[in-house]
Structure formats: C-alpha cells, structure tokens
Amino acid sequence: MTPRSGPTLGHILEALTSYRPTHEEPAVSSFVVDSREAIRDSVFIAFPGEKVDGHDYVADAFANGAMAALVQHPPAGDWAILDARSGEVELPDRLPVCILVDDTLRALQQIARNWRAKFDIRVIGITGSVGKTSTKELAAAVLSQRYRTLKSEGNQNNEIGVPLTLMNLRAYHERAVIEMGMYAKGEIALLCDIARPTVGVITIIGPVHLERLGSIEAIVDAKQELVAALPRDGVAILNMDDPRVMGMAAHTEARIFTYGLDSGADLWADQIESMGLDGVRFTMHHGDESMNVRVPLLGRHSVHTALRAAAIGLIEGLSWEEIIPGLGAMSSQLRLVVIPGPRGSLLIDDTYNSSPDSALAALNLLADLDGRHIAVLGDMLELGEAELQAHQIVGRRVADVADLLISVGPRAQTIAYQAIAAGLPADRVSIVDDAPAAVPVLEEIINAGDVILIKGSLDMAMDRIVTALGRLD
C-alpha cells in the first residue's frame, strides 16, 4: 500500500528488521548526513571516516532535534540504543534513539530501497560523462508541465544522494527524475537496484574518471549498467551521435529511442543557431513533425540537452504543447553562469569541473560571444592515459577561439604549448602554477568588452579566480 505521507520511524525499522509498521510511529521530517542540517524529528546517518567520523556528531544532531541516528557503534552519551542487527525489535519507549546497524551506508540504501518499492511511479534515470545535471533539470521542467515530479537536488547523484532523494517520494508524485553518477563499476547497477528506473537516458561517454577506471571501455561498461537494468517494457534513450552510447543498445531488453543531430534518429535537430547570451534555437524533428524551438541554455551543446528532455517528454506521453514550454521554462544555466566582470567585462563562470567535452563546449560558447576572448583554463583531472591527448585537443581549439590564454596548473601547460603550436602567438599566452597566480595576470589585461572563460577541474579551485575578480573595480 502506498503511504499517504512521508516515512516514519516504523518504516525505517521495517526496512532493517522484521518490524511491521502501524499508524502510530513518529513521522520523520528528513534524513541528513550533516548534523548541522538536523531539524526536529529528522534522522541523522553517522558515516565513519578517516578524517571525520559522523559518530562524533550524534549528540549535535540530537541537540538540533533529530529523533534518531543510524550508527555502527554506540556513540558517546547516554542515549537509547535499538539494535537492528538482531532482526527483531520493538518501537523504542524513548527518543532520541540510536539505531545500531552493521553498515550505515548499506542501511540507508536498504531504507531507500524499501521506501521506493512502496510507490507505483515511473522513474527516469540519467547518466553519462557530461550533461547529467542539465538534462535532469530540463527533463524535470518538461515533465512538470503535466506531472508532479520529484528530482535529484543539486549533485545528489551517488550512493548516498540517490537514497536521500528517494526518501522524499510521496504519494502525490507521478514521476521521478534521478541523476546517477559513477566512480566505479557496479555503482550504477546498485543505484538502479534501489531506484528501479523505467526509462534510462545516456548523455555522452568521455574520458571522465578514466584514471580511476582504467579504460574508456570500462567507462562504457559502467555507464551501460543503467540500460541493462531497465525492464522489458522500459525505454533506453540513447545518443545517436555517440557510437559508444549506441553500442549499449545490445545490452538492454528495453525499447530503444534515439536522439541527436543525425536525421536517422527518432528525435533530431538541425538549423542550429547560437544566440549568445540569449540561448540557442534550432529545428526539432520527430516523425513527420517539425518544431522551431528556442531554449534559454547557453551554447550549441545545449541542443543535445534539449533533445534529451524532449525525448523524455515524448516517452512519458506529453504533447508538444507541453514539451516546448517546458524546454523554455528553465532560466538558470546551472553550473555555467555568465556574470558581469570588472571594468565592463563579462565572466563565463564554468568552474564547477572540467573534461575534454565540457571544455570544448565552453570554448564554443566563448566563440559565439562578441568581444575579446580570454580563456583561463586549469588542469583536467582523472583522465588517465587520455590526459595528454585531451589537453592537446583543447589547446588546438583555444588557438581557434581565444585571443589570450592563461593556463593554470602543470597539466594545463600542455594546453598552452599546443595552442602556441596551433598558431596562438606566444606573447598572448601566460602559464601560471595555480588559481591565485592567475588573478594578477588578469588584473593587468582585462579591458571593457572582454569575455573571460574560467574553467578547470574542481580540485583546481578555479572559483577563487571568479571570487577575486569580483573584488576588482
């Protein structure tokens, strides 16, 4: 039976033991992994760690109002302890309570698995090397034109974030859009086991996490766990412009729906025109139908994002009268934002992370904007054996697009050298060691009308450059 409201303490015990919930258990307000986010009647999950151990913060969570904590060992303090490892428990006679389990992560996942199983809802899973979050956001905007839609918040796309998202399922939800990230083989299969997606969307496959997984083939194997998990009556939405993605069609029993810029796709686009900061417009084709579309996302690569969201809408039964307004409903650019810079310049803040595909997409956007183009590019990390070639490819594109380049970090030096080799004059290239060192260089060269792209992997802290430039007159 689908619960009429949110989870209770009884539902937690049901997932972990033989306990059967009634209608009398305390209701859970939220699940948190940070004691500072605990509120009244929340449940705190204490994760052990080498540097920070959540068990040291159980008392703080309780002080903030948490009714219970999942723990692997009794924490300091005189708290009620309920041993869920025994398999048979009764509702505690006092709160707050520590629920003792063998593994808090697995316990959270089991609670989410059990909660998800109570709902007859279609779940859309999204994965790929780049474009997951933008696709998730735009897909949710489209589906929300008709359905009450749950979506992953922020970057909750891993073995912790997906279960936390699913615990927000309620009876009124009609669709759920779940982003699925991956660092190792088997992780997406685990997320699918918990979320039980009906529709799976693959964006693009690139060398992100190649250093961790070892080969591009291993990345494909890990990502295709999503389509392999789909039921026979499900749908796999695949990028026809990526041969690696299309190769996944042989690994699913679900129906295949393709999208891309190839006219052989089920849903495809042409006549693409970037309008700079006003978004991108194109013509979308499906069967005998053609629609002129404009989306407020930046850059030509956003066409694929729009196609994915439209494909999800079609699969879920929406009309074009619902899909097209949904595509235009999302005004935020998510991780890539354009903000005013010092001295009348413009900053493209794309500092969240970087990969070869996303770096090229950002450079393409830079090329579409009027003004002197300055590229500030940091190291792209976790590329493994593809590291040298990836930075060389980006360097060659820089030579076509940028008037000035600042490379940040040891790996990004390859971008600089390759840009010079491809024709960018050496006196227009600066090589610095880290993000703070880029700031005085920029301070010297920024003029009114300049457009400055700032991008690099998260560990390069390129956002510090944006912050520093914001303090300049």
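This text gives an overview of the structure that appears in the document.

**So, the overall build of the protein chain**
Scanning the protein chain for helices and strands turns up 17 helices and 20 strands. Since a compact globule built from 473 residues should have a radius of gyration of about 23 Å, the 24 Å found for the protein chain is in line with a globular shape. Principal axes of the C-alpha set define a box for the protein chain whose edges measure 75 × 55 × 40 Å. The 473 residues of the protein chain split such that 55% are buried. Taking contacts inside the protein chain between residues at least 6 apart in sequence as the whole, the part at least 24 apart equals 65%. Summing over all exposed atoms, the protein chain offers an accessible surface of approximately 19,900 Å²; the carbon and sulfur share of this is 46%.

**Concerning the sheet that holds strand β16 (residues 346-350)**
In sheet architecture, strand pairing relies on hydrogen bonds along the backbone and comes in two forms, parallel and antiparallel. In spatial order, the strands read β15-β16-β20-β17-β18-β19; together these 6 strands make up an open sheet with mixed pairing. Each end of this open sheet is capped by a strand with a single partner; those strands are β15 (337-340) and β19 (429-432). Geometrically, the sheet is characterised by an average inter-axis angle of 15 degrees between neighbouring strands, direction not taken into account. Pairing of strand β17 (residues 373-378) with strand β18 (residues 404-408), which is carried by 5 bridges, proceeds in the parallel orientation. Bridged to G378 within β18 is V408.

**Quick notes on the side chain of T135**
Within the secondary structure, T135 is located in helix α4 (residues 132-143). Looking at T135, the relative accessible area reads 0%, which means it is buried. Among the polar contacts made by the side chain of T135, one reaches the main-chain carbonyl oxygen of G131 at a distance of 2.6 Å. With near-sequence residues (within four places) excluded, T135 lies in contact with I126, T203, T305 and R308.

**Describing helix α1 (residues 9-16)**
Among the 8 residues of α1, 8 are classified as buried, and the element is accordingly described as predominantly covered. Within α1 the residues assigned to the buried category are L9, G10, H11, I12, L13, E14, A15 and L16. Those residues of α1 hidden inside the fold are in contact with β1 (31-32), β2 (43-45), β3 (68-71), β4 (80-83), β5 (97-100) and α3 (104-116). One side-chain oxygen of the residue at the start of α1 lies 3.2 Å from the amide nitrogen of G10, identifying that residue as T8.

**So, the packing of α1 against α3**
Interhelical geometry of α1 versus α3 gives an angle of 105 degrees and a closest axis separation of 9 Å. Put simply, α1 runs roughly perpendicular to α3. Between α1 and α3, the residues in contact are H11, I12, E14, A15 and L16 and A107, Q110, I111, N114 and W115, respectively. Taken together, the residues of the contact of α1 with α3 sort by class into 6 nonpolar, 3 polar and 1 charged.

**Some words on the packing of aromatic side chains**
For any pair of aromatic rings, the description rests on two quantities: the centre-to-centre distance and the angle between the ring planes. Going through the model one piece at a time under the given rule, you end up with 2 aromatic pairs. Between the aromatic rings of F62 and W79, the centroid separation amounts to 4.9 Å while the plane-to-plane angle is 70 degrees, which identifies the pairing as edge-to-face. Of this pair, F62 sits in helix α2 (residues 58-63) while W79 sits in the loop between β3 and β4; the two residues are 17 residues apart in sequence, bridging distant segments of the chain. With a relative accessible area of 9%, F62 lands in the buried category. Plain terms: the ring middles of W115 and F119 are 5.1 Å apart, the flat faces sit at 70 degrees to each other, and that makes the pair edge-to-face. Given a relative accessible area of 1%, W115 falls into the buried group. Over the face of the ring belonging to Y147 we find R175, whose NZ or CZ atom lies 3.9 Å from the ring centre.

**Considerations on unusual backbone geometry**
Between L95 and P96 the backbone carries a cis peptide bond, its omega angle lying at 0 degrees. Position of P96 relative to the elements: it lies in the loop between β4 and β5. A positive phi is found at D41, a non-glycine position, where the angle reads about 65 degrees. Position of D41 relative to the elements: it lies in the loop between β1 and β2. When its relative accessible area of 30% is taken as the criterion, D41 is described as partly exposed. Despite not being glycine, R343 shows a phi value in the positive range, around 60 degrees. Here R343 lies in the loop between β15 and β16. Look at R343 and you get partly exposed, because its relative accessible area is 37%.

**Observations regarding the side chain of D242**
One can find D242 in the loop between β10 (235-239) and α10 (243-246). In this structure, D242 is buried with no salt-bridge partner, the nearest side chain bearing the opposite charge being R244 at 5.0 Å. Residue contacts for D242: discarding those within four places in its chain leaves I204 and I205.

**Here we look at the pattern of salt bridges**
Per the counting criterion, the structure on display carries 18 salt bridges. Residue R85 pairs with D83 through a salt bridge whose shortest N-O separation is 2.9 Å. A relative accessible area of 30% means that D83 is categorised as partly exposed. With a shortest N-O distance of 3.8 Å, D400 and R397 are connected by a salt bridge.

**Quick look at the environment of Q392**
Of note, Q392 is situated in helix α14 (residues 387-401). For the pair Q392 and T17, spaced 375 residues apart in sequence, the C-alpha separation works out to 55 Å. Sequence-distant contacts of Q392, defined by excluding residues within four places in its chain, comprise T414 and Q418.

What counts and how
Residues numbered from 1 in each chain as written. Predicted model: local features only at pLDDT ≥ 70, side-chain atom pairs only at ≥ 80, totals over all residues. Heavy atoms only, no water. Helix = DSSP H or I, 4+ residues; strand = E, 2+ residues; numbered from the N terminus. Rg over C-alpha atoms; globule rule 2.2 N^0.38 Å. Buried < 20%, exposed > 50% of the residue type's maximum accessible area, 1.4 Å probe, protein only. Contact = heavy atoms within 4.5 Å. Areas by Shrake-Rupley, 256 points an atom, 1.4 Å probe, with all protein chains shown as cover. Pairing = 2+ DSSP bridges. Axes fitted to C-alpha atoms, helices over the stretch in contact; angles between N-to-C directions. Polar contact = N/O pair within 3.5 Å; in protein donor to acceptor, adjacent residues only side chain to side chain. Parallel < 35°, antiparallel > 145°, perpendicular 65-115°, else oblique. Nonpolar A, V, L, I, M, F, W, Y, C, P; charged D, E, K, R; others polar. Phe/Tyr/Trp six-rings, centres within 6.5 Å; stacked < 30°, edge-to-face > 60°. Lys NZ or Arg CZ within 6 Å of the ring centre and 35° of its normal. Lys, Arg positive; Asp, Glu negative; His and termini not counted. Salt bridge = Lys/Arg side-chain N within 4 Å of Asp/Glu carboxyl O.

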